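Residue strings, one per chain:
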Amino acid sequence: VLGSRPLGSVRLRATTTGDSLEIRPRADLAGATVSGIVRLGLAAPHQVEGDLQFRRLALSTIRTWWAQKSADPLPVEAFSEGKLAFRGQGFDALRWQARADVSLLEIKPRAGATGSRIEELGLRNAEPIVIEGTLGDWRISRARLLGHDTNLEIGGKVSLGSKGRFDLRFRGGVDLAILHDFEKDLSAAGTSELDAEVRGPLGDPGLYGRLKLVNASLYFSGVPNGIDKANGTVFFDRHRATIESLTAQTGGGTISLSGFLGFGGADTVYRLQATANQVRVRYPEGFSTTANATLNLTGTAGRSLLGGTVRVSRSSINTR
């Protein structure tokens, strides 16, 4: 137990020979298993060396160990398998030199996320991932993930300890359908170009960078018209996505969109502006309206306001 959070169970078999202690651990931690051998010098300078193997080690488990407070579940889960070798002196474990060879890294939407194409959106490493540094400060030397319409290169570092944080960079093409797992009111399709960083504390990291859309499709829950053939750029700044020069087709017409969405809090925040030209909207049921418009959407997912001007060029009603 760490604080009040249960972690799992650990079994240790330790034997001494002269001034050397040999430990053979086996840990079962939230579905993950860790086993191997650790040798410790009982006399100064207390030389330490170890080789461990890990299976099904989850990102959520690691986050629980170092998060300073209870945090909302991450939108994705990651599992890894591989081996860890470390060497050092003394008992400050976070300073020991280490190398991890990750044979398997699998990332997929969190279980229970409705509407997710979990198998299609899953990512896996294309080759073994090498991570080097110390037990308290890891640097990713080589990492590439592949998935459905996704090819990502990852670099950067993860610092653990009491001030643990992410400093990771992601570059490559991404299947936009994964956006649904960050914002449940948004369904997306198509591919994009991502150049972004994840930075900040382990318990509350922020997203920074840009996402370029090429012929993308976006549909918001509760909005009668979706967006198709969208082209433009979205910039991320921590928990905010700013839309710049986004053009698309909807309802047989064209639309340009700007503004921002705030995410990561208790509710999604909208401040969006749209200009529409000859767009047909079928709402409410039985009504069809073609119009030009300049609109603003402000508020939150739970309480928002739509305002602006609509010039109707055609309207029809089917009473059935």
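Let us look at the structure shown here. Here the structure is a predicted model, which means the values were calculated and not measured.

## Some points on the overall build of the protein
Per the secondary structure count, the protein includes 2 helices and 21 strands. The burial tally for the protein puts 39% of its 320 residues in the buried class. Relative to all contacts within the protein whose residues are 6 or more apart in sequence, the contacts with residues 24 or more apart total 40%. Just so you have it, the protein exposes about 18,200 Å², and 53% of that area is on carbon and sulfur atoms. Within the protein, the 32 negative side-chain charges are centred at a point lying 3 Å from the centre of the 40 positive side-chain charges.

## Thoughts on the nonpolar core
Core analysis: the biggest nonpolar cluster contains 64 residues, and L84, F86, I129, W138, L145 and L213 have the highest contact counts within it. Not counting the four nearest positions on each side in its chain, W138 is found in contact with L84, A98, R99, A100, I131, E132, G156, K157, V158 and L160.

## With respect to the packing of aromatic side chains
Applying the stated criterion across every chain, the model contains 2 aromatic pairs. Note on F86 and W96: the rings are 5.6 Å apart at their centroids and 10 degrees apart in plane angle, and the pair reads as stacked. Taken as a pair, F86 in strand β5 (residues 76-89) and W96 in the loop between β5 and β6 (97-109) lie far apart in primary sequence, 10 residues in all. Ring centres of F236 and F263 lie 6.4 Å apart, and the angle between their planes is 75 degrees; on these two criteria the pair is classed as edge-to-face. Of this pair, F236 sits in strand β16 (residues 227-238) while F263 sits in the loop between β18 (253-262) and β19 (269-281), and the two are 27 residues apart along the sequence. The ring centre of Y208 lies 4.0 Å from the NZ or CZ of R199, which sits over that ring.

## Looking at the pattern of salt bridges
Taken as a whole and assessed by the stated rule, the structure comprises 15 salt bridges. The salt bridge involving R87 is made with D51; its shortest N-O contact spans 3.6 Å. Here D51 lies in strand β4 (residues 47-58) and R87 lies in strand β5, a separation of 36 residues in the sequence. Judged by relative accessible area, D51 falls into the partly exposed class, the value being 31%. By sharing partners, the salt bridges in this structure join E22, R24 and R39 into a single network.

## Some remarks on the environment of V312
When you line up the elements, V312 lands in strand β21 (residues 304-317). Classification of V312 as exposed rests on a relative accessible area of 51%. Distance from V312 to A14, taken between C-alpha atoms, is 81 Å for residues 298 residues apart in sequence. Setting aside residues no more than four positions away along its own chain, V312 makes contact with T289, T290 and A291.

## Re the pairing of strand β11 (residues 150-159)
The side chains of a regular strand alternate between the sheet's two faces. Sheet topology note: the strand β9 (residues 137-142)/β11 ladder contains 4 bridges and is antiparallel. Paired with W138 across the strands is V158, a residue of β11. One ladder, built from 4 bridges, connects strand β10 (residues 144-147) with β11; its direction is antiparallel. Bridge assignment links L145 to a residue of β11, and that residue is L152. Taking the residues that link successive antiparallel strands as the turn, the β10-β11 hairpin has 2 residues, and the phi of D149 there is positive, at about 55 degrees. Bridge analysis of β11 against strand β12 (residues 165-175) gives 9 bridges, and the strand direction is antiparallel. When the sheet's bridge partners are listed, N151 is paired in β12 with G173. Counted along the chain from β11 to the antiparallel partner β12, the turn is 5 residues long, and its residue G161 has a positive phi close to 80 degrees.

## Points about unusual backbone geometry
The omega angle of the peptide bond from A44 to P45 is 10 degrees, so this bond is cis rather than trans. Note on placement: P45 falls in the loop between β3 (32-41) and β4. Here H46, not a glycine, exhibits a phi torsion of approximately 60 degrees, which is positive. Relative to the elements of secondary structure, H46 occurs in the loop between β3 and β4. Of the residues examined, H46 reaches a relative accessible area of 21% and is grouped as partly exposed. The phi angle at S245 is positive, at roughly 45 degrees, despite the residue not being glycine. Counting through the fold element by element, S245 comes out in strand β17 (residues 240-250). The class of S245 is exposed, set by a relative accessible area of 54%.

## Structural notes on the environment of T289
Here T289 is to be found in strand β20 (residues 287-300). When residues no more than four places from it in sequence are discounted, the contact partners of T289 are V279, R280, V281, V312, R314 and S315.

## Overview of the environment of I317
By secondary structure assignment, the location of I317 is in strand β21. The spatial distance from the C-alpha of I317 to the C-alpha of G286 is 5.7 Å, given a sequence separation of 31 residues. Once residues lying within four places of it in the same chain are set aside, the contact partners of I317 are G286 and F287.

Rules of the game
- Residues numbered from 1 in each chain as written.
- Predicted model: local features only at pLDDT ≥ 70, side-chain atom pairs only at ≥ 80, totals over all residues.
- Heavy atoms only, no water.
- Helix = DSSP H or I, 4+ residues; strand = E, 2+ residues; numbered from the N terminus.
- Buried < 20%, exposed > 50% of the residue type's maximum accessible area, 1.4 Å probe, protein only.
- Contact = heavy atoms within 4.5 Å.
- Areas by Shrake-Rupley, 256 points an atom, 1.4 Å probe, with all protein chains shown as cover.
- Lys, Arg positive; Asp, Glu negative; His and termini not counted.
- Charge placed at Lys NZ, Arg CZ, Asp CG, Glu CD.
- Core = buried A, V, L, I, M, F, W, Y, C linked by side-chain atoms within 4.5 Å.
- Phe/Tyr/Trp six-rings, centres within 6.5 Å; stacked < 30°, edge-to-face > 60°.
- Lys NZ or Arg CZ within 6 Å of the ring centre and 35° of its normal.
- Salt bridge = Lys/Arg side-chain N within 4 Å of Asp/Glu carboxyl O.
- Pairing = 2+ DSSP bridges.

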